[in-house]
Amino acid sequence: MAGDKKLKIPCMAIQNLKAKKFRTVFMMFFVLLMSATFFFSTILMENMKLGIVNTTDRMGADFILVPKEGTEHIRESLFSGTPCSIMFDRSWEQAVKEVEGVERVSSQLYVATLSESCCDAAVQLIAFDMDTDFVVKPWLEKAGELDLKIGEIVIGNNVIADVGDTLKFYEVNFKVAGKLEKAGMGYDDSVFMTYETANMLMDSPVAKDRFPSEELEGFASMLMIDISDDIDSKKAKMLGIDIQKAGNSGEAMYACSADDLMSGIASQVKKLSGYGNILTFILTISTALSLISIFIITMNERKYEFGVLYTLGAAKRQITAIILWEALVISAAGGILGVLISYYLVSSFKNVISVKLGIPYLDISLGQTAPVAGVCMMIAVITGIIAAMCSVYQISRNEIYGLIRECE
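Here is a short report on the structure shown in this document.

1. Structural notes on the overall build of the chain
Here is step 1: A count of helical and extended segments in the chain gives 15 helices and 11 strands.
Here is step 2: Sorting the 408 residues of the chain into buried and exposed places 50% on the buried side.
Here is step 3: Considering only residue pairs separated by 6 or more positions, the chain has 77% of its internal contacts joining residues 24 or more positions apart.
Here is step 4: Total accessible area on the chain stands at roughly 20300 Å², and carbon and sulfur atoms take up 58% of it.

2. Regarding the pattern of salt bridges
Here is step 1: Inspection of every chain in the model, using the stated rule, returns five salt bridges.
Here is step 2: Across the pair Arg-75 and Glu-72 runs a salt bridge whose closest N-O atoms are separated by 2.4 Å. On the criterion of helical spacing, the pair formed by Arg-75 and Glu-72 is a turn pair, its members being three residues apart in helix α3 (residues 71-80).
Here is step 3: Assessed through its relative accessible area of 10%, Arg-75 is described here as buried.
Here is step 4: Under the relative-accessibility criterion, Glu-72 is labelled partly exposed at 39%.
Here is step 5: Glu-93 serves as the salt-bridge partner of Lys-97, at 3.9 Å between the closest nitrogen and oxygen. Of the two residues, Lys-97 and Glu-93 are both situated in helix α4 (residues 91-97); the distance of four residues between them amounts to about one turn of the helix.
Here is step 6: Classification of Lys-97 as partly exposed rests on a relative accessible area of 36%.
Here is step 7: A residue is classified by how much of its surface remains accessible, and Glu-93, at 7% relative accessible area, is buried.

3. Brief notes about unusual backbone geometry
Glycine aside, negative phi is the norm for most residues, and most peptide bonds take the trans geometry.
Here is step 1: The backbone phi angle of Tyr-170 is positive, close to 55°, even though this residue is not glycine.
Here is step 2: Along the chain, the position of Tyr-170 falls in the loop between β6 (166-169) and β7 (172-179).
Here is step 3: Positive phi, normally seen in glycine, also occurs at Glu-171, with a value near 65°.
Here is step 4: When its relative accessible area of 45% is taken as the criterion, Glu-171 is described as partly exposed.

4. Regarding the nonpolar core
Here is step 1: Judged by nonpolar contacts, the single largest core of 45 residues is most densely connected at Phe-169, Tyr-170, Ile-225 and Ile-243.
Here is step 2: Sorting elements by how many residues they give to this core places strand β3 (residues 102-112) first, with four residues.
Here is step 3: Beyond its immediate stretch of four places on either side in the chain, Tyr-170 contacts Val-111, Ala-112, Thr-113, Leu-114, Cys-118, Cys-119, Leu-201, Ser-204, Val-206, Ala-207, Arg-210 and Phe-211.
Here is step 4: With 30 residues, the next largest nonpolar core counts Ile-64, Val-66, Tyr-110 and Cys-256 among its residues.

5. So, the sheet that holds β7
Here is step 1: Across the sheet, nine strands lie side by side as β6-β7-β5-β8-β4-β3-β10-β1-β11; this open sheet has mixed pairing. At either end of the open sheet lies a strand with only one pairing partner, and these are β6 and β11 (253-256). Taken pair by pair, the neighbouring strands of this sheet meet at an average axis angle of 30°, ignoring direction.
Here is step 2: Looking at chain direction, strand β1 (residues 63-67) and strand β10 (residues 222-227) are connected through three bridges and run antiparallel. Bridge assignment links Phe-63 to a residue of β10, and that residue is Ile-225.

6. Some words on the environment of Leu-65
Here is step 1: Among the structural elements, Leu-65 can be located in strand β1.
Here is step 2: The class of Leu-65 is buried, set by a relative accessible area of 0%.
Here is step 3: Along the backbone, Leu-65 and Ser-221 are 156 residues apart, and their C-alpha atoms lie at a distance of 8.5 Å.
Here is step 4: Setting aside residues no more than four positions away along its own chain, Leu-65 makes contact with Phe-88, Trp-92, Val-96, Ser-221, Met-222, Leu-223, Ile-225, Ile-243, Gln-244, Met-253, Tyr-254 and Ala-255.

7. Looking at the packing of aromatic side chains
Here is step 1: Tallied over the entire structure, the rule returns six aromatic pairs.
Here is step 2: Seen from their ring centres, Phe-26 and Phe-30 are 5.1 Å apart, and the 90° between their planes marks the pair as edge-to-face. In this pair, Phe-26 and Phe-30 both sit in helix α2 (residues 21-59), four residues apart, roughly one turn of the helix.
Here is step 3: Using a relative accessible area of 22% as the deciding quantity, one classes Phe-30 as partly exposed.
Here is step 4: Judged by centre distance (5.6 Å) and plane angle (70°), the ring pair of Tyr-170 and Phe-211 falls under edge-to-face. With a gap of 41 residues between them, Tyr-170 in the loop between β6 and β7 and Phe-211 in the loop between α7 (205-210) and β9 (219-220) connect regions that are remote in the sequence.
Here is step 5: A residue is classified by how much of its surface remains accessible, and Phe-211, at 8% relative accessible area, is buried.
Here is step 6: A network of ring pairs unites the aromatic residues Phe-22, Phe-26, Phe-29 and Phe-30 as a single cluster.
Here is step 7: The aromatic ring of Tyr-195 is capped on one face by Arg-90, whose charged end is 3.8 Å from the ring centroid.

8. Points about the pairing of strand β4 (residues 124-128)
Here is step 1: Most of β4 sits inside the fold, with five of its five residues counted as buried.
Here is step 2: Burial of the side chains of β4 extends over both faces: Gln-124, Ile-126 and Phe-128 are buried on one face and Leu-125 and Ala-127 on the other.
Here is step 3: Relative to strand β8 (residues 190-194), β4 runs parallel, the two sharing five bridges. For Leu-125, the partnering residue across the bridge sits in β8 and is Val-191.

The rules we used
- Residues numbered from 1 in each chain as written.
- Predicted model: local features only at pLDDT ≥ 70, side-chain atom pairs only at ≥ 80, totals over all residues.
- Heavy atoms only, no water.
- Helix = DSSP H or I, 4+ residues; strand = E, 2+ residues; numbered from the N terminus.
- Buried < 20%, exposed > 50% of the residue type's maximum accessible area, 1.4 Å probe, protein only.
- Contact = heavy atoms within 4.5 Å.
- Areas by Shrake-Rupley, 256 points an atom, 1.4 Å probe, with all protein chains shown as cover.
- Salt bridge = Lys/Arg side-chain N within 4 Å of Asp/Glu carboxyl O.
- Core = buried A, V, L, I, M, F, W, Y, C linked by side-chain atoms within 4.5 Å.
- Pairing = 2+ DSSP bridges.
- Axes fitted to C-alpha atoms, helices over the stretch in contact; angles between N-to-C directions.
- Phe/Tyr/Trp six-rings, centres within 6.5 Å; stacked < 30°, edge-to-face > 60°.
- Lys NZ or Arg CZ within 6 Å of the ring centre and 35° of its normal.

Given below as structure tokens:
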């Protein structure tokens, strides 16, 4: 019999909610809004952080040397794939090699394509030196394309083409020899080629009008630098200064680690994450206050109902259980709907969101979204229970004895 009584309380709570559909939907909407906002903002922030981690992890160099004036453009290209053209004298490569403590150096050249008829897509072209490279080649090895011939390219995962297709850049055709797996960074929107292949661009009059020389092999956009393992952090800092001063071509250079290069974006993400947390906190408090107010108003309207239950022998804990079950159903249903709606919107418009917000990769897999959904549900349920408990306290303190007297 005791088991039957416990089963009746949830059923009574659900029947009470069905009887007042508008009130139930109204309260559920507040929870839904809070849950959807928290899920959406958290997924975006987590993916932006993941993009920064992927970028720094895949750089694979102790130092990166870039022109000071082009640092922001390089950063945006690495993180979100925004095309840029940055060039400095490649003689820096040999000069940096001669710096004491430097183990190996490899140059990369960044060339932006155009959203015009001369190019099939506006992407980032990245030329690298096959003989000295230690960053791109490990990915090519996974793609099975270590032996790139002149005229062949390897494309990032987001570039719309298949292996064997031909892509045109600056009126020059290139054969797609491989396609990389998803990297979760700007490289997904990039095209990789050797320096020899990049120099084919200069066969085009369009390219000749845009670039400062007829030989691209004499230029670089960044140098990837590995230093000796026995150099500690203090000496590494001094070595970075020596690297910045190594060349004699007159360019102002900036030597940094991958973490330092991405620090600007990381600080922006941290700031946005803080704003998102504040918004979620405000929504949570607003939802809790709204639910408390609605519950108290509803409880006052249900004096007769609770008076009848008391005269029929219902205990205070049973009335409390009914109210808590009502709050649990409302908050759980609102939380689930909020997560599902937010997930549907993110999955349906993830490409648009990625482009508009500059997020290189939106991971909405079960492993990424399930923990966030769990936290959303927990916050929704806790908020509902707190609102219900406040209502129970208010009613039990001021109204219970009055309800009994009314029903005597």
